[in-house]
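Coordinate inspection notes
Spelled out, the chains give:
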Amino acid sequence: MDIRGIAKSHQTNNTPAGKSSSKKGWQLSDSLLEKITGYAREDAAQNVYMGNKFLALRKSEVAKVAPDRFALMGKVSQTMADMEQIREADERWVRMLFGEPYEAKFQSEGIGSAVHVYDRNGDEILTYTAGVGWHEKESKAETEVHRALKAAYYDAFRSARQEINATVAGMEVQSSFDARA
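Residues numbered from 1 in each chain as written. Predicted model: local features only at pLDDT ≥ 70, side-chain atom pairs only at ≥ 80, totals over all residues. Heavy atoms only, no water.

**Observations concerning the sheet that holds strand 4 (residues 114-118)**
For clarity, the cut-off: By this definition, two strands are paired if DSSP reports at least two bridges between them. Secondary structure is summarised from DSSP: a helix means a run of H or I of at least four residues, a strand means a run of E of at least two, and numbering begins at the N terminus for each. All axes here are fitted lines through C-alpha atoms, helices being fitted over the stretch that makes contact, and every angle between N-to-C directions spans 0 to 180 degrees.
In spatial order, the strands read 3-4-5-6; together these four strands make up an open sheet with antiparallel pairing. Strand pairing shows two members of the sheet lacking a second neighbour, strand 3 (103-107) and strand 6 (133-136), which therefore form its edges. Strand-to-strand twist in this sheet, taken as the mean axis angle between neighbours without regard to direction, amounts to 15 degrees. Where strand 4 meets strand 5 (residues 124-129), five bridges bridge the pair, whose relative direction is antiparallel. Paired with A114 across the strands is T129, a residue of strand 5.

**Overview of the environment of H146**
Selection criterion: Residue contacts are defined here by distance: any two heavy atoms, one from each residue, within 4.5 Å place the two residues in contact.
Relative to the assigned elements, H146 resides in helix 6 (residues 140-175). Separated by 84 residues in sequence, H146 and V62 place their C-alpha atoms 6.7 Å apart. In this structure H146 touches R58, V62 and E138, once residues within four positions along its chain are discounted.

**Some remarks on the side chain of D43**
Put simply, the rule is: We call a residue buried when its accessible area falls under 20% of the maximum for its residue type, exposed when it is over 50%, and partly exposed in between, using a 1.4 Å probe and counting protein chains only. The charge count treats Lys and Arg as positive and Asp and Glu as negative. His and the chain ends do not count. What makes a salt bridge here is a side-chain nitrogen of Lys or Arg within 4 Å of a carboxyl oxygen of Asp or Glu, nothing more. Polar contacts, as used here, are pairs of N or O atoms within 3.5 Å; protein pairs need one atom able to donate a hydrogen and one able to accept it. Residues neighboring in sequence count only if both atoms are side-chain atoms.
Within the secondary structure, D43 is located in helix 1 (residues 30-45). Here D43 occupies a buried position and makes no salt bridge, while the nearest side chain of opposite charge, K53, is found at 7.5 Å. Within the structure, the side chain of D43 is placed 2.5 Å from the side chain of Y153, a separation counted as a polar contact.

**A word on helix 2 (residues 52-63)**
To keep it simple, the criterion reads: Take the residue count of a helix, subtract one, and multiply by 1.5 Å to get its expected span. An arc is given here, and it is the one of the directions from the helix axis to the C-beta atoms.
The end-to-end C-alpha separation of helix 2 is 16 Å, in line with the 16 Å expected for twelve residues at 1.5 Å each. By the burial criterion, the buried members of helix 2 are F54, L57, R58, E61 and V62. Summarising the axial view, the buried residues of helix 2 lie within an arc of 130 degrees, below the 170-degree limit, and thus occupy one face. Helix 2 presents N52, K59 and A63 as exposed residues on the side facing more than 90 degrees away from its buried surface.

**A word on the nonpolar core**
Convention followed: Within this scheme, the nonpolar core is defined by two criteria: the residues are buried Ala, Val, Leu, Ile, Met, Phe, Trp, Tyr or Cys, and they are joined through side-chain atoms within 4.5 Å.
Core analysis: the biggest nonpolar cluster contains 21 residues, and W26, L28, L32, I36, F54, L149 and Y153 have the highest contact counts within it. Top element by residues in this core is helix 6. It accounts for nine residues. Ignoring any residue separated from it by four or fewer positions in sequence, one finds L149 in contact with W26, L28, L32, I36, F54, R58 and E61. Membership of the second largest hydrophobic core comes to nine residues, among which are Y102, F106, V115 and L126.

**Points about helix 1**
Helix length check: helix 1, at 16 residues, gives a terminal C-alpha distance of 22 Å against a target of 22 Å (1.5 Å per residue), a fit within 8%. When we look at burial in helix 1, the residues that qualify are L32, I36, Y39, A40, D43 and A44. All buried residues of helix 1 project into a common sector of 135 degrees when viewed along the axis, lining one side. Exposed residues on helix 1 whose side chains face more than 90 degrees from its buried face are D30, S31, E34 and A45. The positive-phi residue at the C-terminal boundary of helix 1 is N47, with phi of around 60 degrees.

See the structure below:
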């Protein structure tokens, strides 16, 4: 599997009804790979694995494929008072409430009620449980971006550490040379 391309798990509803927006997938571009390599080299020189610059970059890249959970939470919260009406709603109404790429399932059996929100790929991305509140779950697309970024960083960091270690070993050999021999 190529770690450079990840399909986006959702799309925004900013397009007029009936028109689909283009699904643009996440890509590990050459410039992004260069940036990761630079951060890995800086971190290797400081003997720090996954420094703050890389972590911030990873967070911003994952956000590009993440669903808008806050908007979904807001939509569910607006209707929580009327759970009985939501439970009886058909799938079409639920899709209108959450937007086309999302689906919600309502659970009322057992100890308490819960709402499970899924993205277009069927990944559960949010859960609301009475008494506990919201719980975010990472989608497969987010996991794949994390995995691709970590793999690229690891390779660059390992390479940088090997270069540093080779340089240090070379210096040690030169300093141990005995001119008296």
